[in-house]
Amino acid sequence: MRKETGIVLAGSVGLIVGLTLFGVRKFLLKKRKEYDDYYADFHRHFERKHKDDANDGVEFLSVR
């Protein structure tokens with residue numbers, strides 16, 4: 001095999017691997033976005049519940 005052929009072959013393999021990794025990353029980010037869009041309301045309501053609680057009674061005394 002000539003030197004030029006090896007360089008072209010290595011470049012092609014590198015390009016294929018790079019595009020594959022880019023595609024997998026893009027796919028996983030899309031899945032993550034779909035998950036966040038679907039479950040965002042559940043998480044937000046759960047977090048707001050704790051933020052809206054008033055600090056009074058035993059909880060207030062323990063913080064002080």
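It should be noted that the structure appears before, not after, this text.
Trainee: So what about the overall build of the protein chain? Which residues, and what values?
Mentor: Assigned secondary structure in the protein chain consists of two helices and zero strands. Counting all 64 residues of the protein chain, 2% fall into the buried class. Total accessible area on the protein chain is roughly 6,500 Å²; 63% of this is exposed by carbon and sulfur atoms.

Trainee: Can you tell me about the pattern of salt bridges, naming the residues and giving the values?
Mentor: Close approach of charged atoms allows side chains of opposite charge to pair. This model, assessed by the stated rule, comprises two salt bridges. A salt bridge links E4 to R2; the nearest nitrogen and oxygen atoms lie 3.6 Å apart. Residue E4 is classed as partly exposed on the basis of its relative accessible area, which comes to 47%. On the basis of relative accessible area, R2 is assigned to the exposed category, the value being 59%. A salt bridge links K31 to E34; the nearest nitrogen and oxygen atoms lie 3.9 Å apart. One end of the pair is K31 and the other is E34, both in helix α1 (residues 3-52) and three residues apart, which spans about a single turn.

Criteria and thresholds
- Residues numbered from 1 in each chain as written.
- Predicted model: local features only at pLDDT ≥ 70, side-chain atom pairs only at ≥ 80, totals over all residues.
- Heavy atoms only, no water.
- Helix = DSSP H or I, 4+ residues; strand = E, 2+ residues; numbered from the N terminus.
- Buried < 20%, exposed > 50% of the residue type's maximum accessible area, 1.4 Å probe, protein only.
- Areas by Shrake-Rupley, 256 points an atom, 1.4 Å probe, with all protein chains shown as cover.
- Salt bridge = Lys/Arg side-chain N within 4 Å of Asp/Glu carboxyl O.

Just distances and angles here, no functional claims.
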